[in-house]
Amino acid sequence: MQQPHPPGTGGVTHRTTRGAAPAAPEPAPPSDSAAARVLVVDDDATVAEVVAGYLGRAGYLVDRADDGPTALTRAAAHWPDLVVLDLMLPGMDGLEVCRRLRARAAVPVVMLTARGDEDDRILGLEVGADDYVTKPFSPRELVLRVQSVLRRARPAVAAAPPAAAGLTVDPAARRATKNGTGLALTLREFDLLAFFLRNPGRAYSREDLMREVWGWDFGDLSTVTVHIRRLRGKVEDDPARPRLIRTVWGVGYRFDPSGRDEED
């Protein structure tokens, strides 16, 4: 299995021997993690040690598990604020672990994958992962992604909950409804819907949405596409003919609170 980049090199390492001692990590960026609990699930002891070391130095409480069943047991004993989850695990893969965690509560998940196939990354997003990092990766980048996901998961203060077209979001309670009925949204789906409700009628590119909703100036834009499709499946009366979250050809997407038919 591929390893994270060693600190300070900025390059990709070759595979190291399982169990080999990792290089001493340099300090991670300052964090306002406030002792948030992170569960790291990876069957590669070296990867797990490096990731846990960086997260610990950033101020997080870190639990570790090396397979799916153990991860579910650890999560049940001490429910995490976020899970760093390897896709390829023995016995029960990361997709099934993610499904079971998401079935219990909306815990944020950052997926780790050594696979380059876009379909595998999309599968992780489809089951509810909020972000993913492809191995080999920079541990410092992973810490920054964890910080970003947790920051967006914290309750936000808003003057008034945004609402339109029968949709409402309450940022403080992290609750969304459609015509008074609660919507089961992931962290990013919630943020995406809240962004659209606050910015109706304007077309946004996928790059715009990646920057405004995910907080990143770079990344795989298929992440946005998958989340748009998932969100449409939950807020549109007919997801195959979306009236609220419209595709603007050659540009991106626009939220239309009128919900009227039009020629796309």
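Above: the structure in question.
Residues numbered from 1 in each chain as written. Predicted model: local features only at pLDDT ≥ 70, side-chain atom pairs only at ≥ 80, totals over all residues. Heavy atoms only, no water.

Asker: I'm lost on the pairing of strand β2 (residues 61-65) in this one. Help?
Answerer: Walk down a regular strand and you will see the side chains alternate between the two sheet faces. As paired elements, strand β1 (residues 37-41) and β2 share five bridges and run parallel to each other. Note on β2: the bridge partner recorded for V38 is V62. Each parallel crossover has a hand, and for β1 linked through helix α1 (residues 45-57) to β2 it is right-handed. (Pairing = 2+ DSSP bridges. Helix = DSSP H or I, 4+ residues; strand = E, 2+ residues; numbered from the N terminus. Right-handed = clockwise from strand over helix to strand, strands pointing away.)

Asker: Could you clarify how one ought to interpret the nonpolar core in this entry?
Answerer: Most often, soluble globular proteins have nonpolar side chains that are buried together. Formed by 28 residues in total, the largest nonpolar core has its most connected members in L167, L193, F196, L209, I228, L231 and F255. When residues of this core are traced back to their parent elements, those giving at least two are β7 (167-170), α6 (187-198), α7 (206-214), α8 (222-235) and β12 (252-255). The biggest single contributor to this core is α6, with seven residues. The contact partners of I228, leaving out residues within four places of it in the chain, are L192, F196, L209, I245 and Y253. (Core = buried A, V, L, I, M, F, W, Y, C linked by side-chain atoms within 4.5 Å. Buried < 20%, exposed > 50% of the residue type's maximum accessible area, 1.4 Å probe, protein only. Contact = heavy atoms within 4.5 Å.)

Asker: Just to check I follow, could you spell out the sheet that holds strand β6 (residues 163-164) for this structure?
Answerer: In spatial order, the strands read β6-β7-β8-β9; together these four strands make up an open sheet with antiparallel pairing. Across the chains shown, the open sheet's two edge strands, defined by having one partner strand only, are β6 and β9 (181-182). With two bridges connecting them, strand β8 (residues 175-178) and β9 associate as antiparallel partners. By the bridge assignment, K178 is partnered in β9 with T181. Against the sheet, α6 contacts β6, β7 and β8, and its axis sits at roughly 115° relative to β7. (Axes fitted to C-alpha atoms, helices over the stretch in contact; angles between N-to-C directions.)

Asker: Help me understand the pattern of salt bridges in this model?
Answerer: Side chains that carry opposite charge are capable of pairing whenever their charged atoms lie near each other. Per the stated rule, a full pass over the model turns up 13 salt bridges. A salt bridge links R174 to D191; its shortest N-O distance comes to 3.2 Å. Of this pair, R174 sits in the loop between β7 and β8 while D191 is found in helix α6, placing the two residues 17 residues apart along the sequence. R174 gets classed as partly exposed once you look at its relative accessible area, which sits at 24%. The exposure class of D191 is buried, given its relative accessible area of 12%. (Salt bridge = Lys/Arg side-chain N within 4 Å of Asp/Glu carboxyl O.)

Asker: Before we go on, may I ask you to explain the packing of aromatic side chains in this structure?
Answerer: Any aromatic ring pair is given by two values, namely how distant the centres are and how the planes are angled relative to each other. Throughout the structure, instances matching the rule amount to three aromatic pairs. Pairing F195 with Y204 gives two aromatic rings, centres 4.8 Å apart and planes at 65°, and the pair type is edge-to-face. Residue F195 is classed as buried on the basis of its relative accessible area, which comes to 12%. For Y204, a relative accessible area of 4% gives the class buried. Centroid distance F196 to F255: 6.3 Å. Interplanar angle 25°. Geometry classified as stacked. Note that F196 is positioned in helix α6 and F255 in strand β12, a separation of 59 residues in sequence. Accessibility assignment for this pair places F196 and F255 in one class, buried. Each residue in the set F195, F196, Y204 and F255 is aromatic and connected to the rest through ring pairs, giving one cluster. (Phe/Tyr/Trp six-rings, centres within 6.5 Å; stacked < 30°, edge-to-face > 60°.)

Asker: Is there a simple way to explain helix α3 (residues 94-104) in this structure?
Answerer: Think of an α-helix as turning once every 3.6 residues; residues three or four places apart then point the same way. Taken together, the buried positions of α3 are G94, L95, V97, C98, L101 and R102. With its buried residues spanning 160° around the axis, α3 presents them on a single face. Away from its buried face by more than 90 degrees, α3 exposes A103 and R104. At the N-terminal boundary of α3, the capping side chain belongs to D93, with an oxygen 3.2 Å from the backbone nitrogen of L95. (Arc of directions from axis to C-beta. Polar contact = N/O pair within 3.5 Å; in protein donor to acceptor, adjacent residues only side chain to side chain.)

Asker: How do you make sense of the sheet that holds strand β11 (residues 245-248) when you look at a structure like this?
Answerer: In spatial order, the strands read β10-β12-β11; together these three strands make up an open sheet with antiparallel pairing. Strands at the two margins of the open sheet, each flanked by one partner only, are β10 (203-204) and β11. Judged from the four bridges that link them, β11 and β12 form a sheet pairing that is antiparallel. Paired with R246 across the bridge in β12 is R254.

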